[in-house]
Amino acid sequence: MSTTTAADTSKGRPVRPRTDPEPPPPGGVLWSIAGDIRALLMLPAAFTLQVAHPAIGAGVDQFSVFRTDPWGRGERSLRSVQLWVYGGDEAAEEGRRVRRLHKGIQGIDTRGRRYHSLDPGCYTWVHATGYPVYLYAGRYLMRRFTPAQERQMYREWLQVGRILGIRDRDMPQTVEEYREYWGRMLAEEVEPTKVARELMATDIPLPPPGSSRPAVRLLLRLAWPVLRPAFLHFRAFVTVGYMPPEARAALGLAWTKAQERRLRRFSTAVRLLVPLLPERLRYLPIARRARAEWRAGAR
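Because the structure is predicted, anything quoted here is derived from the model rather than measured. (Residues numbered from 1 in each chain as written. Predicted model: local features only at pLDDT ≥ 70, side-chain atom pairs only at ≥ 80, totals over all residues. Heavy atoms only, no water.)

1. Let's talk about the overall build of the protein
Regarding its fold elements, the protein presents 15 helices and six strands. Its C-alpha radius of gyration of 20 Å places the protein within 12% of the 19 Å reference for a compact globule of 299 residues. In terms of overall dimensions, the protein has a C-alpha envelope of 65 × 55 × 45 Å along the principal axes. Burial analysis of the protein (299 residues in total) assigns 44% to the buried set. Across the protein, every contact between residues at least 6 apart in sequence was considered, and the portion connecting residues at least 24 apart equals 71%. Carbon and sulfur atoms form 57% of the exposed surface of the protein, whose accessible area is close to 16100 Å². (Helix = DSSP H or I, 4+ residues; strand = E, 2+ residues; numbered from the N terminus. Rg over C-alpha atoms; globule rule 2.2 N^0.38 Å. Buried < 20%, exposed > 50% of the residue type's maximum accessible area, 1.4 Å probe, protein only. Contact = heavy atoms within 4.5 Å. Areas by Shrake-Rupley, 256 points an atom, 1.4 Å probe, with all protein chains shown as cover.)

2. Comments concerning the confidence of the model for the protein
Here the protein shows a mean pLDDT of 90. Residues at 70 or above account for 93%. Segment residues 1–11 is flagged for pLDDT under 50; beyond a separation of four residues in sequence, or across chains, it makes 22 contacts in the model. (pLDDT = per-residue confidence, 0-100.)

3. A word on the packing of aromatic side chains
Using the criterion set out here, one finds 17 aromatic pairs in the structure. Measuring from centroid to centroid gives 5.9 Å for Trp 125 and Trp 182, while their planes differ by 20°, and the two rings are stacked. You can see Trp 125 sitting in helix H6 (residues 120–128) and its partner Trp 182 sitting in helix H9 (residues 175–188), a full 57 residues away along the chain. The burial state of Trp 125 is the same as that of Trp 182; both residues are buried. Here the aromatic rings of Tyr 178 and Tyr 181 are separated by 5.8 Å at their centres, their planes lie at 55°, and the arrangement is tilted. Placement of the pair is Tyr 178 and Tyr 181 together in helix H9, with a separation of three residues, close to one helical turn. Among the residues examined, Tyr 178 registers a relative accessible area of 3% and is labelled buried. Within the aromatic cluster, the residues linked to one another by ring pairs are Trp 125, Tyr 131, Tyr 154, Tyr 178, Tyr 181 and Trp 182. (Phe/Tyr/Trp six-rings, centres within 6.5 Å; stacked < 30°, edge-to-face > 60°.)

4. With respect to a nonpolar patch on the surface
Judged by side-chain polarity, Leu 272, Leu 273 and Leu 276 come together as a nonpolar surface patch covering roughly 350 Å² of accessible area. The exposure class assigned to Leu 273 is exposed, which follows from its relative accessible area of 54%. (Patch = residues over 30% accessible without salt bridge, like charges linked within 9 Å, V, L, I, M, F, W, Y side chains within 5 Å. Salt bridge = Lys/Arg side-chain N within 4 Å of Asp/Glu carboxyl O.)

5. Some words on a positive patch on the surface
A cluster of like positive charges, contributed by Lys 257, Arg 261, Arg 262 and Arg 265, occupies part of the molecular surface. Mapped onto the fold, Arg 262 is located in helix H13 (residues 257–273). (Lys, Arg positive; Asp, Glu negative; His and termini not counted. Charge placed at Lys NZ, Arg CZ, Asp CG, Glu CD.)

6. Brief notes about the environment of Leu 232
Mapping Leu 232 onto the fold places it in helix H11 (residues 214–241). Relative accessible area serves as the criterion here: at 0%, Leu 232 is assigned to the buried category. Residues within four places of Leu 232 in sequence aside, it is in contact with Ala 201, Thr 202, Asp 203, Ile 204 and Leu 206.

7. Brief notes about the pattern of salt bridges
Taken as a whole and judged by the stated rule, the model has 21 salt bridges. Ionic pairing is found between Arg 97 and Glu 94, a salt bridge with its closest N-O pair at 2.8 Å. Pair noted here: Arg 97 and Glu 94 are both in helix H5 (residues 90–102), with a separation of three residues, about one helical turn. The closest approach of N and O atoms between Asp 168 and Arg 162, which form a salt bridge, is 2.9 Å. By relative accessible area, which is 32% here, Arg 162 ends up partly exposed. Taken together, the salt bridges that share partners define one network made up of Asp 109, Arg 111, Arg 113, Glu 189 and Glu 191.

8. Notes on the packing of helix H7 (residues 130–141) against helix H8 (residues 147–163)
The contact between H7 and H8 brings their axes to 11 Å, and the two run at 150°. When the interaxial angle is binned, H7 and H8 end up roughly antiparallel. In the packing of H7 onto H8, the handedness of the crossing is right-handed. Note on element contacts: H8 touches H7 through Glu 150, Met 153, Tyr 154 and Trp 157, opposite Gly 130, Tyr 131, Tyr 134 and Leu 135. Broken down by class, the residue content of the contact of H7 with H8 amounts to six nonpolar, one polar and one charged. (Axes fitted to C-alpha atoms, helices over the stretch in contact; angles between N-to-C directions. Parallel < 35°, antiparallel > 145°, perpendicular 65-115°, else oblique. Left-handed = near helix turned anticlockwise from the far one by under 90°. Nonpolar A, V, L, I, M, F, W, Y, C, P; charged D, E, K, R; others polar.)

9. A few points about H7
For H7, built from 12 residues, the straight-helix expectation of 16 Å at 1.5 Å per residue is met to within 8% by its first-to-last C-alpha distance of 15 Å. Counting buried positions over the 12 residues of H7 gives 11, a clear majority of the element. Looking only at H7, the buried set comprises Gly 130, Tyr 131, Pro 132, Val 133, Tyr 134, Leu 135, Tyr 136, Ala 137, Gly 138, Tyr 140 and Leu 141. (Expected span 1.5 Å × (residues − 1).)

10. Quick word on H8
Over its 17 residues, H8 extends 25 Å from the first C-alpha to the last, a length consistent with the 24 Å expected when each residue adds 1.5 Å. Among the residues of H8, Glu 150, Met 153, Tyr 154, Glu 156, Trp 157, Leu 158, Val 160, Gly 161 and Ile 163 are the ones counted as buried. If you follow the buried residues of H8, they end up packed against helix H1 (29–33), helix H4 (70–86), H5, H6, H7 and H9. Downstream of H8 by one or two residues, Gly 165 has phi in the positive range, about 90°.

Following this line, the structure appears as structure tokens:
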């Protein structure tokens, strides 16, 4: 465990050390997949499942900038996820930052119930959605995990939950308990909320991505009327395709045999081609740096 000490400067007395939860271990299951560029294809399904919760969907609908700044929001969320896994000493501080960010989010959900974004029922679900998506989409894009790897991944997922401030009593502690929780949430809570439907829509407004280069930014704006429909169709395709079938059923989403064949062809190409890329292209920046530092330390 890593510890952080501070002093009470007003009275000159030291305060008790704070013990921070450790991020997942280098070389573990999450360490190998969370920073891989193929994980980018899994995130839309996980995010859509998050906002399919009535309270989370209401909170995102009211407080998020996902409509006005979708690219910036996505980039910030991705950086946060990377820090939870690869951030070392920064991981716990990023977890605290996320909790502070959500502290004031509260209101009435789609079923007329009062909610607060840090209520365990809401906050745990946001984190919990990633595990089944990694397992299911990983079969297509990376590999089929063994039962031992599934259990190891879940133990590491619990570690990430602790970084986010989720108490052990609020999160299923075993894979078996998680499966019961997952089935109950799909049966009792998940619904096709307004935000979930928007994330799978192919006919909604979407601003073009920005760029630090003026020429690239101008080119994107000019080409966006053509690129936007293609991007929205692709996003909807991978969102539904990489969502576990039982989650699709809970949301009433159709998935045809023809779509499944297309997904398998696309996934096979990605699964075979990405490992051939050099590491600087295969891994996201935070993950790439952490992996390099870990190897250097091991040597």
